[in-house]
Amino acid sequence: MSDKIPEGNRSARERLAQQREREKGREKRRRTLIVASAVVGVLALAAVVGLIAANAGKDDGGDTASGPAVAPSGAIGEDALTLPVGAADAPSTLTIWEDFRCPVCAQFETAFRDTIKELTDDGQVKVEYHLATIIDGNLGGTGSLRAANAAACAQDAGKFAAYHDVLFANQPPEPDDAYGKNSRLIELAGEVGGLDTPGFRSCVEDGEHDSWVKKSDTAFREGGFQGTPTVLLNGESVFPSKGDEQISPENLKKWVAAANKGKKPGTATPSAPADGSSAPADPSSAPAS
């Protein structure tokens, strides 16, 4: 018997082998497609789980910045992004950009609060506060945004300046996002007489001014400023120095006096805060300059 495979049988076997190879290829592609689909499904599920996790707890301080920007009552200037404190007709303007999570801002406030109060009470300067949220961007969290929204809610109640001071006096360590919780911000409102009202609580919890805060932060970033605090006297930077002189309470008074030489002090002097504290009142009723 010959050990050679007959030509006809060989052709049949080759066709069968080729068919089996084609079937194996189709099966391999099918399994690859199934595995790929499963991976996509897992990734999609992970994204959903991540979204759920990211939103967990947002009922007590999440980022709700959406919709039109609602400026707080009494805000002035371009796009109503300025919160004014002091006599509207004061001869000099102190512009301050701050972030409520910024530790250097808190240091500035501690060192200059009394001086600025004296200058505003005497009608020498009006202060124009602007709010930024750079620490949220640098460290994560929502404390800068949440605190700024709460401060805007305090502005609605005519209590911005007093609440502003309370926030800086109670500022948590920079990595601690304690101000990301609306409950903490409402708790601190209890330190400002007449501020903790249903209207204030609703404003804070609903994030009524979140989009306005975002707009203010955008203006800060587009303004070319280097960081917070940014402090300008009549448009000239005075922090940490003015020319060759370092800022200090004494120098700030000297610079204001020089800028105001021959000018009358403002007459729309703010009244005392409703709670009787020494914090400067918010002159929401003063005419805008």
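Small disclaimer: the values here were computed from a predicted structure and weren't measured. (Residues numbered from 1 in each chain as written. Predicted model: local features only at pLDDT ≥ 70, side-chain atom pairs only at ≥ 80, totals over all residues. Heavy atoms only, no water.)

What should I look at first to understand the pairing of strand β2 (residues 92-98) in this one?
Put simply, side chains in a regular strand alternate between the two faces of the sheet. Of all seven residues that make up β2, seven are buried, and the element is covered over most of its length. Residues Ser92, Leu94, Ile96 and Glu98 line one face of β2 and the alternating positions Thr93, Thr95 and Trp97 line the opposite face, and both faces are buried. Bridge analysis of β2 against strand β3 (residues 125-131) gives seven bridges, and the strand direction is parallel. Residue pairing across strands places Ile96 opposite Tyr129, the latter belonging to β3. Note that the unit made of β2, helix α2 (residues 103-121) and β3 has a crossover that is right-handed. The pairing of β2 with strand β4 (residues 230-233) spans four bridges and is classified as antiparallel. Considered in β4, the bridge of Thr95 is made with Leu232. (Buried < 20%, exposed > 50% of the residue type's maximum accessible area, 1.4 Å probe, protein only. Helix = DSSP H or I, 4+ residues; strand = E, 2+ residues; numbered from the N terminus. Pairing = 2+ DSSP bridges. Right-handed = clockwise from strand over helix to strand, strands pointing away.)

What should I look at first to understand the pattern of salt bridges in this one?
Opposite charge on two side chains makes pairing possible when the charged atoms of those side chains draw close. Applying the stated criterion across every chain yields a total of 11 salt bridges. Put simply, Arg184 and Glu187 hold a salt bridge, and the shortest N to O gap is 3.1 Å. Of the two residues, Arg184 and Glu187 both sit in helix α6 (residues 182-189), three residues apart, roughly one turn of that helix. A residue is classified by how much of its surface remains accessible, and Arg184, at 24% relative accessible area, is partly exposed. Under the relative-accessibility criterion, Glu187 is labelled exposed at 52%. Here Glu245 ties to Lys254 by a salt bridge, and the two come within 2.4 Å at their closest N and O atoms. (Salt bridge = Lys/Arg side-chain N within 4 Å of Asp/Glu carboxyl O.)

What's the story with the pairing of β3 in this structure? I'm lost.
Among the seven residues that make up β3, seven are buried, leaving the element largely enclosed by the rest of the structure. Both faces of β3 are covered, namely the face carrying Val125, Val127, Tyr129 and Leu131 and the face carrying Lys126, Glu128 and His130. Strand direction decides the pairing type here: strand β1 (residues 83-85) and β3, joined by three bridges, are antiparallel. By the bridge assignment for β3, Pro84 is matched with Glu128.

What is the right way to read the sheet that holds β2 from this model?
Strand-to-strand pairing in sheets goes through backbone hydrogen bonds, with the strands running parallel or antiparallel. Taken together, five strands build an open sheet; the order of strands is β1-β3-β2-β4-β5 and the sheet is mixed. Unpaired on one side and paired on the other, β1 and β5 (236-237) mark the two borders of the sheet. Docked against the sheet, helix α5 (residues 160-169) engages β1, β2 and β3, running at close to 100 degrees with respect to β1. (Contact = heavy atoms within 4.5 Å. Axes fitted to C-alpha atoms, helices over the stretch in contact; angles between N-to-C directions.)

Got a minute to help me understand the side chain of Ser216 in this structure?
Secondary-structure assignment places Ser216 in helix α8 (residues 210-222). Of the residues examined, Ser216 reaches a relative accessible area of 0% and is grouped as buried. In this structure, Ser216 is in contact with Leu81, Trp97, His130 and Leu131, ignoring residues within four places of it in sequence.

Looking at this structure, how should I read the packing of aromatic side chains?
On inspection of all chains with the given rule, the structure shows eight aromatic pairs. Taking 5.3 Å as the distance between ring centres and 40 degrees as the angle between the ring planes, the aromatic pair formed by Trp97 and Phe225 counts as tilted. Of this pair, Trp97 sits in strand β2 while Phe225 sits in the loop between α8 and β4, and the two are 128 residues apart along the sequence. In this structure Trp97 comes out as buried when scored by relative accessible area, which is 7%. When the centroid spacing of 5.6 Å and the interplanar angle of 85 degrees are considered together, the rings of Phe108 and Phe239 count as edge-to-face. Here Phe108, found in helix α2, pairs with Phe239, found in the loop between β5 and β6 (241-242); they are 131 residues apart in sequence, far enough to count as distant. Residue classification places Phe108 among the buried positions, given a relative accessible area of 3%. By the ring-pair criterion, three or more aromatic residues cluster together here, those being Trp97, Phe220 and Phe225. (Phe/Tyr/Trp six-rings, centres within 6.5 Å; stacked < 30°, edge-to-face > 60°.)

I keep staring at unusual backbone geometry and nothing clicks. Help me out?
Here Thr228 and Pro229 are connected by a cis peptide whose omega angle stands at -5 degrees. By the secondary structure assignment, Pro229 is in the loop between α8 and β4. Look at Asp79: it is not a glycine, yet its phi comes out positive at around 60 degrees. In this structure, Asp79 sits in the loop between α1 (7-55) and β1. Classification of Asp79 by relative accessible area gives partly exposed; the value is 45%.

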